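Here are the chains, one letter per residue:
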Amino acid sequence: MPDKKEKFEQLAKVIEELKDQPGALMPVMQHAQNIFGCVSLDVQKAIAEGLGVTLSEVYGVATFYSQFKLKPAGKYVISVCLGTACYVKGSQKILDKLSEELKIPVGDTTDDGLFTLNATRCLGACGLAPVMTINEEVYGRLTPDAIPGILAKYTE
Amino acid sequence: MEIYRAHVLCCGGTGCTSSGSAQIIARFEEKIKEAGLDKEVKVVRTGCFGLCEAGPVVIVYPEGTFYSRVKVENVDEIVSEHLLKGRPVQHLVYTDHATQEQDASKSLDEIGFYKHQKRIALRNCGVIDPENIDEYLAFDGYKALEKALTKMTREEVIDEILKSGLRGRGGGGFPTGLKWKFTYNSPGPVKYVACNADEGDPGAFMDRSVLEGDPHSVLEAMAIAGYAIGANEGYIYVRAEYPIAVKRLEVAIKQAHEYGLLGENIFDSGFSFDIKIRLGAGAFVCGEETALMRSIEGKRGEPIPRPPFPAVKGLFAKPTMLNNVETYANVPQIILHGSEWFSSIGTEKSKGTKVFALGGKINNTGLVEVPMGTTLRTIIYDIGGGCPNGKKFKAVQTGGPSGGCLPAELLDTPVDYDNLIAAGSMMGSGGMIVMDEDNCMVDIARFFLEFTVDESCGKCTPCRVGTRRMLEILNRIVEGKGEMEDLDKLEELAKNIKATALCGLGQTAPNPVLSTLKFFRNEYIAHIRDHKCPAHHCKALLEYVIDPEKCRGCTACARACPGGAIEGKLKEAHHIDPAKCLKCGQCIEKCKFGAISRK
């Protein structure tokens, strides 16, 4: 795993590559989030300096879009779809069950840093409603009873 | 080109990929090779077939046998029986919901779900391999661009789109040709073409399916638009939540460059065009055109007042023409077949077809494309197969958070832009969520308000503060703390927000509340006056009771109850203490005798 210095070098390369294209700020921040897992304040400062924009502009963008995280997320990010199709098929119950099993409110990360629980906008997999994703893995046609078994796969 | 005796088409859309189609494709390739058939049978990963409910979906041609809910374990049987011996595997064939028929000889077009459809925007989805430009070319791909660049003037292209009557498929329904004409008329050496692929309406996924199943159709249309309005650069703003769509767009752009269909001097016409992809970052308001352009510029996606319209001053302060994905997907067909053909489909003021994403409490979840003017009843019952488990239909929600809920009495409404608005809803991007008797309409209105409160960008007060006040009232009502005058307050707030909010998000945010107040007012009144939720959905108003006649005293419910609210001796009728009951519903699930009910 690259250490922090290497990550900042990676970021500097990205900035160098993209800084001349119009509207570079968001693509740079998206790359930064991939590198660091979040855009924390030190990362925002580096971006502001590299692109020659103010820190407030970077912070404004970081807090406007739900994709940008200011704190690192857990190893496994659980996203429960609360799109309309999933909601009418009971995804709130799935979310409640997860919150109960993990003992964290929605939007939070477990103390061991293993799970982050998010409610998300429509994932577009409405045919499988209700749906959740754990990192890249998709789980569809869920029932609350299925949750403990699915979580167990990740805690082993 | 090699010729194969059979093709196995396997859906690689998001829905089917999520239920394991990638593994199924890999298994097919492996097994077909093992059987020595790899020179005779080709496996194609296509885009979405539309019938997501039946996914993962596999179709074997030339017979057109339609296999549904295929599992990796089923692949061996399909290869050994169907591909090797020519005998379709009967038990895996799709069962038609309406007829309960499982007919292997029925082709796709004869199945109830597809029979009433007419596919223009989705014509190639599920038919071609979206990552292979040759397959798009074989289906007349880029012929419309060639025709436009070599045989038509810029004015003729715009005129053709104008005459076709095509209107924006993203929601507003603005005449597409007019938008093109306005941008054409704007002076300036630099103009932009942009594509709105920030499909944010929950429950709508047609744009994603077009990008995943037929990305070249969008690229081709953008190039045609670029030629027409005088732009050499295009941007596609796509949701980061659609990784498969993003990847296929990238592949498609690269291939189009290799074939000289994007880049410098296309078809030796002197016209050059290039397309860049920009990823959204999770903000619903960025589907609004001025907010979307701010976001491409790398700024906070806040809308700005119009005028100036983007056609005059848009992206990077240059004239910009923005259409959504489905709108573009229609363009090459209009150029190829002419405006007369296109305008012969649909209703007087809404031409062509519309794609709807059917979801919620409906048997055939998926994407359907029907001529404008098809009735809600045809879409929901003949195509969608009605509500599952014999439940009663209550409402259909169209237009996402900007739309409304329509009741059973309006099922015979022919669907087009104007009829939906007259009925109190709107077309929106085409989400169509069906609700049955178990859905509480007050809670649905609350759900949408929660969404808009969350997604309001905060720039203007009516939207930022007004929608929050409405949500607070709705929260009170579903908790049984509402008052009758709350209904008047809701209506007054709604009227003011609609009249004063800056952008489309705020102006339409009250619609779900207004339409449910109009058609399901009795449900609001039941919550407020009787402290009852007629759908037995709202937790605070629910009471769980055990019917002593039916209870056998098996103790299953008492053991399942996390709150220790159920009392009773073995083999005697049990009782729920309402003070301790958490209303989690676990007792109902455990009871084998149907003795527990919600009241």
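Residues numbered from 1 in each chain as written. Chains lettered and ligands numbered in written order. Predicted model: local features only at pLDDT ≥ 70, side-chain atom pairs only at ≥ 80, totals over all residues. Heavy atoms only, no water.

Counting residues at the interface gives 53 residues for chain B and 33 residues for chain A. Buried area between chain B and chain A, summed over both chains or domains, comes out near 3400 Å², and the portion from carbon and sulfur atoms is 55%. Taken together, the connections running from chain B to chain A amount to two salt bridges. For Asp454(B), the salt bridge goes to Arg121(A), with nearest N and O atoms at 2.9 Å. The tally of links between chain B and chain A comes to 18 residue pairs in polar contact (both at pLDDT 80 or more). Elements that contribute at least two residues to the side of chain B that touches chain A include exactly helix H1 (14–18), strand S6 (233–238), strand S8 (271–279), helix H12 (289–296), strand S14 (431–436) and helix H17 (441–455) of chain B. It is H17(B) that contributes the most residues to the side of chain B that touches chain A, eight residues altogether. (Contact = heavy atoms within 4.5 Å. Buried area = accessible area lost by both parts, 1.4 Å probe. Salt bridge = Lys/Arg side-chain N within 4 Å of Asp/Glu carboxyl O. Polar contact = N/O pair within 3.5 Å; in protein donor to acceptor, adjacent residues only side chain to side chain. Helix = DSSP H or I, 4+ residues; strand = E, 2+ residues; numbered from the N terminus.)

Bringing the packing of helix H7 (residues 154–164) of chain B against helix H8 (residues 176–185) of chain B into the picture now. When two helices pack together, their arrangement is captured by the angle between the axes and the distance separating the axes. All names here are of chain B. Interaxial distance between H7 and H8 falls to 7 Å at its minimum, and their mutual angle equals 150°. In terms of their interaxial angle, H7 and H8 are classed as roughly antiparallel. In this structure, H7 crosses over H8, and the sense of that crossing is left-handed. Touching Arg154, Glu155, Val157, Ile158, Ile161 and Leu162 of H7 are Thr176, Gly177, Leu178, Trp180, Lys181 and Tyr184, all from H8. The residue makeup of the contact of H7 with H8, split by class, is seven nonpolar, two polar and three charged. (Axes fitted to C-alpha atoms, helices over the stretch in contact; angles between N-to-C directions. Parallel < 35°, antiparallel > 145°, perpendicular 65-115°, else oblique. Left-handed = near helix turned anticlockwise from the far one by under 90°. Nonpolar A, V, L, I, M, F, W, Y, C, P; charged D, E, K, R; others polar.)

In this section: the sheet that holds strand S4 (residues 65–67) of chain B. Residues and elements named next belong to chain B. Taking strand neighbours across the sheet as the criterion, the four strands line up as S2-S1-S3-S4 in an open arrangement whose pairing is mixed. At either margin of the open sheet sits one strand with a lone partner, and together these are strand S2 (41–46) and S4. The average angle at which neighbouring strand axes cross in this sheet is 20°, direction not considered. (Pairing = 2+ DSSP bridges.)

Time to look at the domain arrangement of chain A. For interface size, the figure often reported is the accessible area lost on association. Taken domain by domain, chain A comprises domain 1 (4–64) and domain 2 (76–155). If you average the C-alpha positions of domain 1 of chain A and of domain 2 of chain A, the two centres end up 30 Å apart. (Domains from an automatic or database assignment.)

Here chain B shows a mean pLDDT of 93. Residues at 70 or above account for 100%. Here the prediction assigns the complex a pTM of 0.91, and the interface score ipTM is 0.85. (pLDDT = per-residue confidence, 0-100.)

Residues and elements named next belong to chain B. With respect to the secondary-structure elements, Leu166 resides in the loop between H7 and H8. In this structure, the C-alpha to C-alpha distance between Leu166 and His337, residues 171 residues apart in sequence, is 14 Å. Setting aside its immediate chain neighbours within four residues, Leu166 contacts Ile161, Phe174, Pro175, Thr176, Gly177, Thr327, Asn330, Val331, Ile334 and Phe342.

This part is about the side chain of Ser456(B). Relative to the helices and strands, Ser456(B) is located in the loop between H17 and helix H18 (461–478). Excluding anything up to four places from it in sequence, Ser456(B) contacts Cys463(B), Arg464(B) and Leu505(B).

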